[in-house]
Amino acid sequence: MELTKINLKGHGRFEEAPATFTITRFNLPSKWDYVYTNSLALLRLKHDGGAYLQTDPPGGPAMFRQERLESSPAFFTWVIPDGGEGAFSNFNLPATTGERPGSEPDEFTCTFSPEAARWRMLKDGWLVETEYWVPPGLAAAIMTVRVTNAEATSRGVTLMPVLRPHMAPFSLAPWDVPAIYQTSALCRVGKALGMWVETRDPGGVAKRRFRGAFLSDLDADTFEVAANAFMGSGDWANPEAVANAKLGRKVSKSASYPYGVDGPDVAAIGQPILAALAKKFTLAKGKSAEFTVVFGKLPPTEDGTLPKKAELRKLARYLDPEVRRKGLDAVRKRYDDLFALRRIETPDAAFNRYVNEWIPLQLDWVTLLDRGWPTGMRGTRDAAQDTTGMIPLDPALARARLLEIFTIERTDGWFPRQYNTAGPSGVHDLRPYVDSACWVWEFLHKYICYTRDFSILKERLRWLDSARKATVLEHAVRLFEYYLSPKNIGEHGLCKIREGDWNDSANAAGLEGRGETVMVTCQAVLGLTQAAELLEGLGDTRLAGWFRAGAKRFRANVLKHALNREGYFNQTFNDDGKWIFTPSDPDGRRRVNGPANSFAVIAGIATSKVRESAFAALNSLKGPYGWRLFYPALGRPPIDKLGRIGQGDQYKGIGENGTCYNHGAQGFLARACWTAGRGTMLHQVLTWMFSYDQKCHPVDVQKTPPYAVVNHWKEAPGLEGVGGDTFLSGSISTALRNVYQGIAGFRPGLVDVTLDPVLPAAWRRVRAEVPFLGGRWTIEVRNPKGVQAGVASILVDGKRLARIVNDKTLERKVGALRIDGLKPGENHRVEITLG
């Protein structure tokens, strides 16, 4: 089925334009959101206008933000018909009519596209159209509003754009009340009128003062800068100024209103501030009034003085329609170029559109969102996983992020659970989780394989706990030394779990130093094997031999101690000396752990009959919303020394406790599927990972937007099937990698490109385009016999250049093409026949 033909029960529709969705009703099961970013600013925007604008994500401050549980946006326009009755916002709400909750405007659409969000609303005879976006190269948001009189008679209306600045970090100390340090003051910049706003630094550091400017081409009659004066006896959603249909301070048409002046007639200081303008219009039938507001950051200055007026002019340029048009074109081109980098064509048309447009778009967002927490902290695991998916799309970003991560590695090879984007001098999350290094290694390995940038190994970086510099190669070796150190290996010869592994909620299994993790041990087997290959290529056979021996011991110990009587793998051994996620857990229940068994397959530990029995166990995790992380949920009765899931503090059916946790359950399972050559299951799992398929996730059940990848599908009472946390998921990167490494089967290694498509048995053809070595590779896959994997023949540019080898780990024939025989910058056509 085509993506545009999916029936979403009146909630909205996928559009023909790339990564574009139109919402067709105001009242949805939840607030549906979208992201606009240029790396300098990030606007996370809801369909009802609610938003936050952050500069320098993920650690920068918020220019404005919608407060939690608040329904009114922080930046919008009041539309006030003559008399002040029936005023409403350009997003529908807030409104002063007291209309019944759940009522709809006469017409409402919100169209999210990569370059801008656009609303069209008809209410009480007023047609209100809004465009809202982030321009290229500026930490700013732009809102253009057009109001048209759709009635037959001439009518009057007052338009009142309002902004409640935050201008401070998202997380504040109790004593750092922003209003105490803030100013909002009227100014003119050429023909533009608006306010400059600032937050002075509570610590008294002048260069940390934070400034912005709110500028508009609205020829305002009145203005306001003090929030209390604006609200009067009302509040933000129903202010007295709207009832009066004007603001409290008059604009003099002849006054110059110099920038930087903060006298009492034009400024509010040391109190809650805002920026608001108002203009009354009389509009004949069909006539419109239109204006634009730009709100953006001004650059800091070393001595704390106000930035030069030229900085405001940079923002004011976007009041020119032609400048806006060119800016929108530039943003649109950026995303068109992103979507064109890789393409896949399969018999599943909806799948193709979603993978080609929506997944790279959301991956671009999540590399800045850092799983949605605007705090200045990056999860080490999260940043590594997300940016691994970006390597073929933005190798420069990947390189920079790799170097950033390696600077927070401790000298014993351990990485923090989360690190501060301020660098080693920042305050980091030092809880002793043990899995981060595995993800960092995979990031580095994939980066080298895709880019051939071996020079990164020679970069010299400091450590978290030492200013002494070492090469990235030394850093990489040290991370494996952590896993091979006897003090980090438990009584079964497996990696100790300490406070936790990938499943953050099993956060008390090894705090006393006894607990072990099967999943991390499997990851270490995979990583040690890859690192040994790299070291051999670099001529270090001694270290390579040590790493291979370590991988061999770990593999043997997993098979000896974690493979249970039912033929699948246990996951966690805790400080009480008890195995959990077994056929008989301490609470008497049988559980299968998805990540441990998936990674046993991925790492090549589970092969042949063991692999078959592991998949039988994994398939037992299939529930009504996809494959679960494990099942049943934990906590009743509690299991000691396991953590918040064991005690039930992470309630059953929420987060990682017995749910279809999209990344760890389905993302890892999909990777295991293509490892095992199970193409039909691979496609099924990927379909369940995404949210557009209405057989898997009906829109009125999931409640989250059908274009958005979610973190997990809830199963708690009253939340059955509801999506949790849009764009807060490693599923995005993992899914994209599963498509191109699995379905397309394109996997560059250190020596060869492995060519190994894994398809559903019913598919006869697949076509993919991928970038590699500065050229473009077109991959045509034919499957005449309806198999799921196994290469029968390969032609590269019409020649038999690739070898067909029997891969003992994958247990099938794959193609292998030597990389050292390829020339950078060349395009290639690869024809693969399965059989």
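In the block above lies the structure referred to throughout.
Residues numbered from 1 in each chain as written. Predicted model: local features only at pLDDT ≥ 70, side-chain atom pairs only at ≥ 80, totals over all residues. Heavy atoms only, no water.

Asks: Teacher, can you tell me more about the pattern of salt bridges here?
Replies: Pairing between side chains of opposite charge can happen when their charged atoms approach one another. Per the counting criterion, the structure on display carries 62 salt bridges. Arg120 is paired through a salt bridge with Glu129; the nearest N and O atoms lie 3.5 Å apart. The class for Glu129 is partly exposed, based on a relative accessible area of 22%. Residue Arg767 pairs with Glu780 through a salt bridge whose shortest N-O separation is 2.9 Å. You can see Arg767 sitting in strand β40 (residues 765–772) and its partner Glu780 sitting in strand β41 (residues 775–782), a full 13 residues away along the chain. When its relative accessible area of 12% is taken as the criterion, Glu780 is described as buried. A single network of salt bridges, built from pairs that share partners, joins Glu115, Arg118, Glu131, Glu322, Arg325, Asp329 and Arg332. (Salt bridge = Lys/Arg side-chain N within 4 Å of Asp/Glu carboxyl O. Buried < 20%, exposed > 50% of the residue type's maximum accessible area, 1.4 Å probe, protein only. Helix = DSSP H or I, 4+ residues; strand = E, 2+ residues; numbered from the N terminus.)

Asks: Can you walk me through the sheet that holds strand β13 (residues 140–149) in this structure?
Replies: Through backbone hydrogen bonds, the strands of a sheet pair up, either in parallel or in antiparallel fashion. One open sheet holds the 11 strands; their spatial order is β1-β2-β10-β11-β12-β13-β22-β17-β16-β15-β20, and the pairing between them is antiparallel. Looking along the sheet, the strands with just one partner apiece sit at the ends: β1 (12–14) and β20 (267–269). Recorded for the sheet is a direction-independent mean angle of 15 degrees between the axes of neighbouring strands. Here 8 bridges tie strand β12 (residues 126–133) to β13, and the two strands are oriented antiparallel to one another. For Tyr132, the partnering residue across the bridge sits in β13 and is Met143. Of the strands in this sheet, β11 (117–123), β12, β13 and β22 (288–298) are in contact with helix α4 (residues 321–341), which crosses β12 at around 60 degrees. (Pairing = 2+ DSSP bridges. Axes fitted to C-alpha atoms, helices over the stretch in contact; angles between N-to-C directions. Contact = heavy atoms within 4.5 Å.)

Asks: What's the story with the packing of helix α8 (residues 436–451) against helix α10 (residues 518–537) in this structure? I'm lost.
Replies: Packed helices, taken two at a time, are described by their axes: the angle between them and the distance between them. Between α8 and α10, the least distance of the axes is 10 Å, while the angle of their chain directions is 30 degrees. Handedness of the α8/α10 crossing: left-handed. Contact with α8, carried on its side by Cys438, Trp439, Trp441, Glu442, His445 and Lys446, involves Met519, Val520, Gln523, Ala524, Leu526, Gly527, Gln530, Ala531 and Leu534 of α10 and no other residues of that element. In the contact of α8 with α10, the residues fall into 9 nonpolar, 4 polar and 2 charged. (Left-handed = near helix turned anticlockwise from the far one by under 90°. Nonpolar A, V, L, I, M, F, W, Y, C, P; charged D, E, K, R; others polar.)

Asks: Sorry if this is basic, but what is going on with helix α18 (residues 731–743) here?
Replies: Helical periodicity: at 3.6 residues per turn, an α-helix aligns residues three or four positions apart in one direction. Burial within α18 is extensive, with 13 of its 13 residues counted as buried. Once α18 finishes, Gly745 follows within two positions and takes phi at roughly 70 degrees, a positive value.

Asks: For this particular structure, what's the right way to read the environment of Pro174?
Replies: Among the secondary structure elements, Pro174 is positioned in the loop between β14 (155–163) and β15 (182–189). For Pro174, a relative accessible area of 72% corresponds to the exposed category.

Asks: Can you help me understand the sheet that holds β14 in this one?
Replies: Pairing in this open sheet of 7 strands is antiparallel, and the strands run β9-β8-β7-β14-β21-β18-β19 from one edge to the other. The sheet terminates laterally at β9 (92–95) and β19 (249–250), the two strands that pair on one side only. Pairing of strand β18 (residues 222–226) with strand β21 (residues 273–283), which is carried by 4 bridges, proceeds in the antiparallel orientation. Residue pairing in the sheet places Thr222 in a bridge with Ala278 of β21.

Asks: So what exactly am I meant to see when it comes to the state of the cysteines here?
Replies: Here is the idea: a disulfide is a covalent bond, and it sits between the sulfur atoms of two cysteines. This structure, assessed with the given rule, holds 0 disulfides. Looking at the unpaired Cys449, the closest cysteine sulfur is the one in Cys438, lying at 17 Å. Here Cys449 falls in the buried class, since its relative accessible area comes to 0%. Cys696 supplies the cysteine sulfur nearest to Cys660, a cysteine that is in no disulfide, at a spacing of 9.8 Å. We classify Cys660 as buried; its relative accessible area is 0%. (Disulfide = S-S within 2.5 Å.)

Spatial relationships are all this shows, so hold off on functional conclusions.
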